[in-house]
Amino acid sequence: MAAPHFLTLDRIGKDYGAFTAIREVSFSVAPGEFLGLLGPSGCGKTTTLQMIAGFEAPSRGRITMDGRDLTTVPAAKRGIGLVFQSYALFPHMTAAENVAFGLEMRRVSKAERIKRVAEALDLVHLAHLADRFPRQMSGGQQQRVALARALVIEPRLLLLDEPLSNLDAKLREEMQVELRELQRRIGVTTILVTHDQSEAMALCDRVAIMQGGRIVQIDAPWRAYDVPADDFVADFLGRSNRLPACAGGGQAEAGGHRFALPPDLADRQGDILLTIRPERLRIGNDGAAGLGGRVQSRLFLGGFWLYAVETALGSFAVMLQNTGSVPHDEGAPVTLDWDAHSLRRLERA
Amino acid sequence: MSRNGPLALAFHALFLTFILAPLLVVIGVSFTGEGYLALPLNGLSLRWWRAIGDNPRFLESFWFSLRLGVTAATLSALIAVPAALAIARWRFPGRGALVAILASPLMIPHVVLGVALLRFFSGFGLSGSFAGLVTAHVIVITPYMLRLVGAGLSGLDPRIERAAESLGASRLTVFRRVTLPLIAPGVAGGWILAFVTSFDELTVSLFLASPSANPLPVQLFNYIDQMTDPLVASVSAALILGTALVLLVLDRFYPIDRLLTGERRA
């Protein structure tokens, strides 16, 4: 019977002298899950990854994989596949030799090795470049070799450290789709470290948002996006608008506009800080019910219009789907409107 | 590559002239037929080139210097590679002291070093022996070795070694299969520089040499001290031409400018 939790970090901490890189981090990963460690640089996500890989020893706490304590297991014996942002391919070996390295270390017979290397390169669509050296390949191709090299050993856990950050936008998007598909097909438990929230949201089953050496929120990406735990998460996962209001009797008032509060906030009284996502706002023509303002700027993004609307409460970002209707002009007086269930109250940190 | 301006061209021309002119003079003088150092030449002669063969002590000293240089450079590599790895990869107590000790021979005048080693080695009976000279040369050349191996290491992403480790390689295997092949150009460059420095070393060797352990520079120096005939010119010219030939052959297999900067093949 498979354990419900494949990998568990139990109150892990890491100090470097007087500096505490990781205060306390605990989480569990289910078998086959794709988890994202997300946060700005210096939040401790890479240190956490290094401890799972076995290159840093935790100062406190315990890491277990498959019920086994990893504390005394050296990196070479953990059976973890690693992919770095810098690819970290062996520059003096061809693509095939790079992929074969892990199999050689496992004393896999030569015939078997050749077969599995070919399969792994096929998996990442690079069979035709087996004899190229890393310097003869593009960044995207090198990243695929790195992925094949990590997967060929049939790792129990795959760790990806900012794997797509060095690729250009279009290639990154392609690789995201491919990575997601590959991970599903192989079913390998995967942890992705990234500072790119859109990448984490696109790829992961769950994201753990880290700040200052601890996890602020761990949740499915859409849940963390819709119900952020605090100010930091709300800002880090996409954009949000702040709406300071005065609540009373299930309603609230801001900038002369009265509006309904969602049921969970209906009993609030007094000052309250609300947030709302740009795509949850609607723009109405002047005179309609809503918060009055003026179009400050508009950007056409193809599928979307991104407006900035100046109001008495500050500037609001509004994202409207391009439905083919005539856009609002810059400088035009407009009103902002929304549904009560789109409002969130911000926890003050 | 950017083109040189007129000022840079003039500078390079002067630089090359001052470097090459003395060598050309020495080579020219070696073909004199006279019994003294003469330029311009009155006709070409191989008299002093043949004289090299009649003076076996120069040949003996040449082979001695060759053995000395190869031994010292190799020993120095065996010290510098682990030292450079430790310095580059780990923060340990005494790291600063290790760097300072290994680099200190660069800052101590060779005369001082020579006197000190003579006094020190006498106590062990090492003075005037091959072993004594090897030890002294290792001390003198290791800073160079360390610099070039260190330069090779600094260009090596530690994540490459970590990748190898995560694939199941032991520390020793990582070193043998990944680290060493990647720093090999730096080690080779360091070895050549160390060898050349040893082969050329005079000041320290003067204090430690003996008739049975007499490196070529000391032999030449002592010879000039007693007489000034064109034999020193022909011996020097032979060394210059020999070195140039070795470098030319080496450059065909391994571009020297890259070796000396510790760069990997691009």
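The shown structure was predicted, so the numbers you read here are calculated from the model rather than taken from an experiment.

Observations concerning the pattern of salt bridges
All names here are of chain A.
Here comes step 1: If you walk through the whole model with that rule in mind, you get 24 salt bridges over all chains.
Here comes step 2: The partner of Glu178 in a salt bridge is Arg144, with the nearest N and O atoms 2.9 Å apart. Taken together, the residues span a long stretch of sequence, with Glu178 in helix α5 (residues 169-186) and Arg144 in helix α4 (residues 139-151) at a distance of 34 residues.
Here comes step 3: Its relative accessible area of 22% is what places Glu178 among the partly exposed residues.
Here comes step 4: When the shortest N-O distance is used, the salt bridge between Asp205 and Arg180 registers 3.4 Å. Taken as a pair, Asp205 in the loop between α6 (197-203) and β9 (206-211) and Arg180 in helix α5 lie far apart in primary sequence, 25 residues in all.
Here comes step 5: For Asp205, a relative accessible area of 24% gives the class partly exposed.
Here comes step 6: The exposure class of Arg180 is partly exposed, given its relative accessible area of 24%.

Looking at the environment of Arg67 of chain B
Here comes step 1: Note on placement: Arg67 of chain B falls in helix α3 (residues 56-89).
Here comes step 2: Counting along the chain gives 33 residues from Arg67 of chain B to Glu34 of chain B, while the straight-line C-alpha distance between them is 34 Å.

As for the sheet that holds strand β17 (residues 304-311) of chain A
Residue and element names in this part refer to chain A.
Here comes step 1: Spatially, 5 strands are ordered β15-β19-β16-β17-β18 in an open sheet, and the strand pairing comes out antiparallel. Where the open sheet ends on each side, the last strands, each with one partner, are β15 (282-285) and β18 (314-321). Each strand of the sheet is rotated relative to its neighbour by a mean of 45 degrees, with strand direction disregarded.
Here comes step 2: Pairing of β15 with strand β19 (residues 333-337) involves 4 bridges; the strand directions are antiparallel. Directly across from Ile283, in β19, lies its bridge partner Leu336.

Remarks on the domain arrangement of chain A
Residues and elements named next belong to chain A.
Here comes step 1: Along its sequence, chain A is carved into domain 1 (7-236) and domain 2 (241-345).
Here comes step 2: One C-alpha centre belongs to domain 1, the other to domain 2, and the line joining them spans 39 Å.
Here comes step 3: Across the contact, 7 residues belong to domain 1 and 5 residues belong to domain 2.
Here comes step 4: Regarding the contact of domain 1 and domain 2, the summed buried area is about 580 Å², with carbon and sulfur atoms giving 26% of it.
Here comes step 5: Contact with domain 2 buries area across many residues of domain 1, yet Tyr225, Asp226 and Ala234 alone supply 69% of it, more than any other trio.
Here comes step 6: Counting every contact that joins domain 1 to domain 2 gives 3 salt bridges.
Here comes step 7: Notably, a salt bridge pairs Arg242 with Asp231, separated by 2.6 Å at the nearest N-O pair.
Here comes step 8: Counting across the interface, domain 1 meets domain 2 through 7 residue pairs in polar contact (both at pLDDT 80 or more).

Notes on helix α6 (residues 130-154) of chain B
Here comes step 1: End to end, α6 of chain B covers 35 Å across 25 residues, agreeing with the expected 36 Å (1.5 Å per residue, within 8%).
Here comes step 2: Maximal helix bending in α6 of chain B amounts to about 40 degrees, located at Ile141 of chain B; proline Pro143 of chain B follows within four positions.

Brief notes about the nonpolar core
Here comes step 1: Judged by nonpolar contacts, the single largest core of 135 residues is most densely connected at Leu7, Phe27, Ile52, Phe101, Leu157, Leu159 and Ile191 of chain A.
Here comes step 2: Per-element accounting of this core gives the leading share, 11 residues, to α3 of chain B.
Here comes step 3: Beyond its immediate chain neighbours, meaning those up to four positions away, Ile191 of chain A contacts Leu7, Phe27, Val29, Leu35, Leu37, Leu49, Ile52, Leu157, Leu158, Leu159 and Leu160 of chain A.
Here comes step 4: The next biggest cluster of nonpolar side chains, apart from the first, holds 25 residues, and it includes Leu281, Val295, Trp305 and Val318 of chain A.

Things to note about the confidence of the model for chain B
Atom-level detail of predicted coordinates should not be read off regions where pLDDT is low.
Here comes step 1: Of all residues in chain B, 95% attain a pLDDT of 70 or more, and the chain-wide mean is 87.
Here comes step 2: Here helix α12 (residues 256-261) of chain B stands out as the least confident element of chain B, with mean pLDDT 64; helix α7 (residues 158-166) of chain B is the most confident, with 93.

Considering the interface of chain A and chain B
Here comes step 1: Counting residues at the interface gives 23 residues for chain A, matched by 18 residues for chain B.
Here comes step 2: Carbon and sulfur atoms make up 65% of the surface buried where chain A meets chain B, a total of about 1,900 Å² over both sides.
Here comes step 3: For the interface between chain A and chain B, the tally reads 1 salt bridge.
Here comes step 4: Counting across the chain A and chain B interface gives 6 residue pairs in polar contact (both at pLDDT 80 or more).
Here comes step 5: In terms of residue count, helix α2 (residues 95-105) of chain A provides more of the side of chain A that touches chain B than any other element does, 4 residues in total.

Re the sheet that holds strand β20 (residues 344-345) of chain A
All names here are of chain A.
Here comes step 1: On the basis of which strands lie adjacent, the open sheet formed by 5 strands has the order β13-β12-β11-β14-β20 and antiparallel pairing. The open sheet terminates on both sides in strands that have one partner only, identified here as β13 (257-260) and β20.
Here comes step 2: Where strand β11 (residues 241-248) meets strand β12 (residues 251-254), 3 bridges bridge the pair, whose relative direction is antiparallel. By the bridge assignment for β12, Gly248 is matched with Gln251.

Thresholds, definitions, all that
Position labels on residues start from 1 in each chain and follow its written sequence. Starting at A for chains and at 1 for ligands, labels are handed out in the order in which the entities are written. Where totals are concerned, whole chains, interfaces and linings use all residues; where local detail is concerned, this predicted model gives features only for residues with pLDDT of at least 70, and gives and counts side-chain atom pairs only at 80 or more. Side-chain numbers here rest on the full set of heavy atoms in the structure, without hydrogens or water. Here, a salt bridge means any Lys or Arg side-chain nitrogen found within 4 Å of an Asp or Glu carboxyl oxygen. Comment: elements are numbered from the N terminus, with helices defined as DSSP H or I runs of at least four residues and strands as E runs of at least two. Throughout, exposure labels follow a simple rule: accessible area from a 1.4 Å probe, protein chains only, divided by the maximum for the residue type, with under 20% read as buried, over 50% as exposed, and the rest as partly exposed. Pairs of strands are assigned from DSSP output, requiring at least two bridges between the strands. Between the N-to-C directions of two axes lies an angle of 0 to 180 degrees, each axis being a line fitted to C-alpha atoms and, for a helix, fitted only over the stretch in contact. As annotated, the domain borders come from an automatic or database domain assignment. We call two residues in contact when some of their heavy atoms are within 4.5 Å. Here the quantity called buried area is the accessible surface, traced with a 1.4 Å probe, that two parts lose on coming together, added over both. Two N or O atoms form a polar contact when they lie within 3.5 Å of each other; inside protein one atom must be a possible hydrogen donor and the other a possible acceptor, and for residues adjacent in sequence the pair counts only when both atoms belong to side chains. Here the expected length of a helix is defined as 1.5 Å per residue gap, with one fewer gap than residues. The quantity called bend is, for any residue, the angle between two axes fitted respectively to the seven residues ending at it and the seven beginning at it. To form a nonpolar core, buried Ala, Val, Leu, Ile, Met, Phe, Trp, Tyr and Cys residues must be joined to one another through side-chain atoms within 4.5 Å. As a per-residue measure, pLDDT tells how confident the predictor is, with possible values from 0 to 100.

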